[in-house]
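Now for the letters of each chain:
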Amino acid sequence: MVAGQQVSAWRPHVPGVVEVFHARFTAHAYPMHVHDVWTLLIVDEGAVRYDLDRREHGTPGDTVSLLPPQVPHNGSPATPHGFRKRVLYLDLTQLDESFIGAAVDGPDLVDPLLRRRVGQLHAALADRGGELEAQSRLALIRERLRTRLRPRSAARARPADPGVAHRLRELLDARLLEGVTLDEAARILHAHPTHLVRAFSGAFGIAPHQYLTARRLDRARRLLLDGRPPGEVATATGFYDQSHLNRSFKRLVGTTPGRFARSGGNPSTPLPVIPPTGMTRRLHDHEKNDRALPRAGAGPGG
């Protein structure tokens, strides 16, 4: 791994949390990609800049960034010394698709209480045996996210006619393992190949091949955290061979599949967390904190 870079990832036994990912990067830049789950991101040191839905965003101060599924984004350091981040990947049981439009319009939530709760959840997830606390904290986070997003959740309805771009995305999802050539997709969808690429890129801000690779890498991450060896994972996720998986994985995640799988949730440099002071006391403190902070709709991104 490049000097100054650290990665730690694991899958906790907490329903709704697909993956926990901690990383410190000095120069790594994420290419444009998508996830099929929600990305809940906090930055402990430095800052990240990223593009979402063709608009530039960033992660200063107490910001909590919520990136929706199926919407392309990238990411790169916004400071000379890079950044240290903690990420939770949450499935659609925590936030359904009706919140995607609101998250696209305002992904960066300036909310100190939410920021503190997300940090506390990371601490609970790193503590073996802390699953009940983690579930309780996740419930509070889910509730606050829904409150922040709900006033704007109906502002961006999905188009009634999905069009050829959406039909191509459905085809790519259905052929995730075996893949599909552009000519074959054109025959199935009765559209010219060039039109397919332009329509897909115009609708989603990402090329079809980038989308397919990102979806395969999402699946690869989960299989690696399940303990499957990289060679087997490459075959199971549609990559040509392990070398193909390695190149794609490192470009997106910033480390190799083997190192990712071995990280095991033990960052070599511990990330800052709030010291435990008793679950009962901490879970009741949120009521007092809620009264002391601005209402959910206040502040940028709200």
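A few points on the structure.

1. Quick notes on the pattern of salt bridges
Then, number 1: Taken as a whole, this structure holds 18 salt bridges when the rule is applied.
Then, number 2: For arginine 221, the salt bridge identified is with glutamate 19, shortest N-O distance 2.6 Å. Residue arginine 221 is located in helix α7 (residues 208-225), and its partner glutamate 19 is located in strand β2 (residues 17-25); the two are separated by 202 residues in the primary sequence.
Then, number 3: You can call arginine 221 buried: its relative accessible area is 4%.
Then, number 4: With a relative accessible area of 3%, glutamate 19 lands in the buried category.
Then, number 5: Put simply, Asp36, Asp173, Arg215 and Arg222 are held in one network by salt bridges that share partners.

2. With respect to the sheet that holds strand β8 (residues 73-77)
Then, number 1: The strand order β3-β8-β5-β6 describes an open sheet built from four strands, whose pairing is antiparallel. The two strands at the open ends of the sheet, each matched to only one other strand, are β3 (30-33) and β6 (55-58). When the angles between neighbouring strand axes are averaged without regard to direction, this sheet yields 20°.
Then, number 2: When strand β5 (residues 48-52) meets β6, the two strands line up antiparallel, connected through four bridges. In the sheet register, arginine 49 faces β6, and the bridge partner there is glycine 58.

3. Quick word on the environment of proline 112
Then, number 1: Relative to the assigned elements, proline 112 resides in helix α2 (residues 112-125).
Then, number 2: Of the residues examined, proline 112 reaches a relative accessible area of 31% and is grouped as partly exposed.
Then, number 3: On a C-alpha basis, the gap between proline 112 and threonine 63 in space is 7.6 Å, while along the polypeptide they are 49 residues apart.

4. Comments concerning the sheet that holds strand β10 (residues 108-110)
Then, number 1: Reading across the sheet, the six strands line up as β1-β2-β9-β4-β7-β10 and stay open at both edges, with antiparallel pairing between neighbours. Two strands in the sheet have a free side with no partner beyond their single neighbour: β1 (6-10) and β10. On average, each strand axis in the sheet is tilted by 20° relative to the strand beside it, whichever way the strands run.
Then, number 2: Pairing between β1 and β2: five bridges, direction antiparallel. Looking at β2, one finds that serine 8 is bridged to histidine 22.

5. Points about empty space enclosed by the protein
Then, number 1: Counted according to the given criterion, the structure contains two cavities of 30 Å³ or more.
Then, number 2: Volume-wise, the largest cavity comes out at about 170 Å³.
Then, number 3: Considering the residues around the largest cavity, the lining is formed by 16 residues, among which Tyr30, His33, Leu67, His73 and Lys85 are closest to the centre.
Then, number 4: Among the secondary structure elements, those contributing two or more residues to the lining of the largest cavity are β3, β4 (38-46), β5, β8 and β9 (83-90).

6. Quick notes on α7
Count 3.6 residues to each turn of an α-helix, and residues three or four apart come out pointing the same way.
Then, number 1: With 18 residues, α7 ought to run about 26 Å at 1.5 Å a step, and its terminal C-alpha atoms sit 26 Å apart, in line with that.
Then, number 2: Counting buried positions along α7 gives 13 out of 18 residues, so the element sits mostly inside the fold.
Then, number 3: Positive backbone phi, approximately 95°, marks glycine 227, located one or two places after α7.

7. Quick look at the nonpolar core
Then, number 1: In terms of nonpolar packing, the biggest core is built from 32 residues, with Trp38, Leu40, Leu66, Leu88, Leu125 and Leu145 touching the most fellow members.
Then, number 2: When residues of this core are traced back to their parent elements, those giving at least two are β2, β4, β5, β7 (63-67), β9, α1 (100-105), α2 and α3 (131-149).

8. Structural notes on the packing of aromatic side chains
Then, number 1: As enumerated under the stated definition, the model contains six aromatic pairs in all.
Then, number 2: With centroids separated by 6.3 Å and ring planes inclined at 35°, the aromatic side chains of phenylalanine 21 and phenylalanine 260 adopt a geometry described as tilted. Taken together, the positions of phenylalanine 21 in strand β2 and phenylalanine 260 in helix α10 (residues 257-262) put the pair 239 residues apart, joining distant regions of the chain. For the residue pair phenylalanine 21 and phenylalanine 260, the accessibility class agrees, reading buried in each case.
Then, number 3: With 6.0 Å between their ring centres and 70° between their planes, phenylalanine 25 and phenylalanine 83 make a pair best called edge-to-face. Taken together, the residues phenylalanine 25 in strand β2 and phenylalanine 83 in strand β9 connect sequence positions 58 residues apart.
Then, number 4: By way of ring pairs, the aromatic residues Phe21, Phe249 and Phe260 are connected into one cluster.
Then, number 5: Looking at arginine 221, its charged tip hangs above the ring of phenylalanine 21, at a distance of 5.0 Å from the centre.

9. Digging into the packing of helix α5 (residues 182-189) against helix α6 (residues 193-204)
If you want to describe how two helices pack, look at the angle between their axes and the distance between the axes.
Then, number 1: Viewed as axis vectors pointing N to C, α5 and α6 meet at an angle of 90°, and their least axial separation amounts to 9 Å. In terms of axis orientation, α5 runs roughly perpendicular to α6. Each of Leu182, Asp183, Ala185, Ala186 and Leu189 in α5 lies in contact with α6, whose residues at this interface are Pro193, Leu196 and Val197.
Then, number 2: Residues of the contact of α5 with α6, tallied by class, amount to seven nonpolar, no polar and one charged.

Definitions and cut-offs
Residues numbered from 1 in each chain as written. Predicted model: local features only at pLDDT ≥ 70, side-chain atom pairs only at ≥ 80, totals over all residues. Heavy atoms only, no water. Salt bridge = Lys/Arg side-chain N within 4 Å of Asp/Glu carboxyl O. Helix = DSSP H or I, 4+ residues; strand = E, 2+ residues; numbered from the N terminus. Buried < 20%, exposed > 50% of the residue type's maximum accessible area, 1.4 Å probe, protein only. Pairing = 2+ DSSP bridges. Axes fitted to C-alpha atoms, helices over the stretch in contact; angles between N-to-C directions. 1 Å grid on protein atoms, 1.4 Å probe; cavity = no way out; pocket = protein on both sides within 12 Å on 5 of 7 lines; lining within 4 Å. Points joined across faces, edges and corners; volume = space filled by probe spheres on them. Expected span 1.5 Å × (residues − 1). Core = buried A, V, L, I, M, F, W, Y, C linked by side-chain atoms within 4.5 Å. Phe/Tyr/Trp six-rings, centres within 6.5 Å; stacked < 30°, edge-to-face > 60°. Lys NZ or Arg CZ within 6 Å of the ring centre and 35° of its normal. Parallel < 35°, antiparallel > 145°, perpendicular 65-115°, else oblique. Contact = heavy atoms within 4.5 Å. Nonpolar A, V, L, I, M, F, W, Y, C, P; charged D, E, K, R; others polar.

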